Structure formats: structure tokens, C-alpha cells
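# An overview of the molecular structure
The primary structure of each chain is shown beneath.
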Amino acid sequence: SRLMFGARISLLVGLATTALSVVISTLIGGTSGFFGGKLDLAVQRFVDAWMAFPGLLILLTIMSIVGRGIPQIIVVLGISGGIGGSRVVRGAVIGIKENDYFLAARAIGSPTTATLMRHVLPNIMPVMIIIFSISVGGVIMAEASLSFLGFGLPIKVPSWGGLLSREG
């Protein structure tokens, strides 16, 4: 029965974290790719620096600072995954900026928010769906790893990683 409840918790954390990750990826990558220039350069150097460190090491460090719990692990894993996924969204936005419909919208003086909502966001939706579907399993594994090592969910919460650490 704890395995079934652990599946519920792990899926909740996986889906909520991935949703947050996709939103953060869209915000960071969309802004960076859309505006370009020095903003893009600065944001991408930060993303490069973030991705240069081992993921588990960063997660262990941050989780030891913020503490254990479901909201904490969702936010930490969501931000971590969102920063890495922003590169994919940025590439999609840069590709959209080269299309004729985007250039025509800019030429007629369409406001930035209208261009984003009408031309950019609907066209990066497939990329966001793919990021979401690919990331769920990895997030569940990261949560299980953190819980197994004692940095994830509290002991009273039945998660798959926590169950593995107590059953062995």
C-alpha cells in the first residue's frame, strides 16, 4: 500500500515540477530568444554556467539550504529543469523570428505582446509539449534520488526514493 501511495506522491511531484519547469523554460528562453542582443548573451552565459555543474550536486546543495518538503522539491526541481530547458525554447523562438509571418507582423507595427501571443507562443507549443513529456520521468527519478539520499521528501511522506532507503 505504501508503494501505491508513493506512486501518487511521485506522480504529483513529477507533473507539478514539470509544469513549473516548462513555464520557467518558456519565460527564460522566450525572452532571451525574442529580444536577443546583450540580454540573450547574458542569459545564455548564465544558463551555460548553470549547466556546467553536475545536476545532482546542485540539487543536493539547494535542498540542504531550503529543507525537505513537497513544495520545496517542486520549486527546486522546477527551477533547475526550467533553466536547462530554456535553451530548447530559445532555439525555437529564434527559428520563428526568421519566418515571413513574424517579419510581416513586425513590419506592420504589431505590438510586442500581440506578436508574442499570436505568433510566437502558439508556434512553440509543440516544443513545450515535448519538453513536458520528456521531463516527467527524469523529474521522478531526481525526486527519488533526493529522497533516497535523505534530502527530498520527509520520512513520513511515502515516496519511491524514501521507500527504497528505508526498505534496504
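Attention here is on the structure that accompanies the text. Quantities reported herein were computed from a predicted structural model and do not represent experimental measurements. (Residues numbered from 1 in each chain as written. Predicted model: local features only at pLDDT ≥ 70, side-chain atom pairs only at ≥ 80, totals over all residues. Heavy atoms only, no water.)

## Considerations on the overall build of the protein chain
Secondary structure assignment for the protein chain yields seven helices and zero strands. Along its sequence from the N terminus, the protein chain presents helices and strands in the succession α-α-α-α-α-α-α. Counting only C-alpha atoms and orienting by the principal axes, one finds that the protein chain spans roughly 65 × 30 × 20 Å. For the protein chain, the proportion of its 168 residues judged to be buried stands at 39%. (Helix = DSSP H or I, 4+ residues; strand = E, 2+ residues; numbered from the N terminus. Buried < 20%, exposed > 50% of the residue type's maximum accessible area, 1.4 Å probe, protein only.)

## Let's talk about helix α6 (residues 112-149)
Relative to the 56 Å expected for 38 residues at 1.5 Å per residue, α6 spans just 46 Å between its end C-alpha atoms, considerably shorter than the ideal helical length. A maximum bend of about 40° is found in α6 at Met 125, where proline Pro 126 lies one to four positions downstream. Count one or two residues on from α6 and you reach Gly 150, which has phi positive near 95°. (Expected span 1.5 Å × (residues − 1). Bend = angle between axes of the 7 residues up to and from the residue.)

## As for the pattern of salt bridges
Enumeration according to the criterion identifies three salt bridges in this entry. For Asp 40, the salt bridge identified is with Arg 90, shortest N-O distance 2.7 Å. Pair noted here: Asp 40 is in helix α2 (residues 37-52) and Arg 90 is in helix α4 (residues 70-97), with a separation of 50 residues, a long-range link. Linking Arg 87 and Asp 48 is a salt bridge whose minimum nitrogen-to-oxygen distance equals 3.0 Å. (Salt bridge = Lys/Arg side-chain N within 4 Å of Asp/Glu carboxyl O.)

## Some details on the nonpolar core
In summary, soluble globular proteins display a tendency toward joint burial of nonpolar side chains. Grouped together as the largest cluster of nonpolar side chains are 13 residues, with contacts concentrated most on Leu 59, Ile 73, Leu 77 and Leu 146. Breaking this core down by element, the ones donating at least two residues are α1 (2-35), α3 (55-66), α4 and α6. At four residues, the largest contribution of residues to this core is made by α4. Discounting chain neighbours no more than four positions away, the residues touching Ile 73 are Val 13, Thr 17, Met 63, Gly 78, Glu 143, Leu 146, Gly 152 and Leu 153. (Core = buried A, V, L, I, M, F, W, Y, C linked by side-chain atoms within 4.5 Å. Contact = heavy atoms within 4.5 Å.)

## Comments concerning the packing of aromatic side chains
Aromatic ring pairs: the centre-centre distance and the angle between the two ring planes describe each pair. With the rule as written, the count across this model stands at three aromatic pairs. Between the aromatic rings of Phe 34 and Phe 35, the centroid separation amounts to 5.1 Å while the plane-to-plane angle is 90°, which identifies the pairing as edge-to-face. Given a relative accessible area of 6%, Phe 34 falls into the buried group. On the basis of an interplanar angle of 40° and a centroid distance of 6.3 Å, the ring pair of Phe 46 and Trp 50 is categorised as tilted. Of this pair, Phe 46 and Trp 50 both sit in helix α2, four residues apart, which is roughly one turn of that helix. A network of ring pairs unites the aromatic residues Phe 34, Phe 35 and Phe 102 as a single cluster. (Phe/Tyr/Trp six-rings, centres within 6.5 Å; stacked < 30°, edge-to-face > 60°.)

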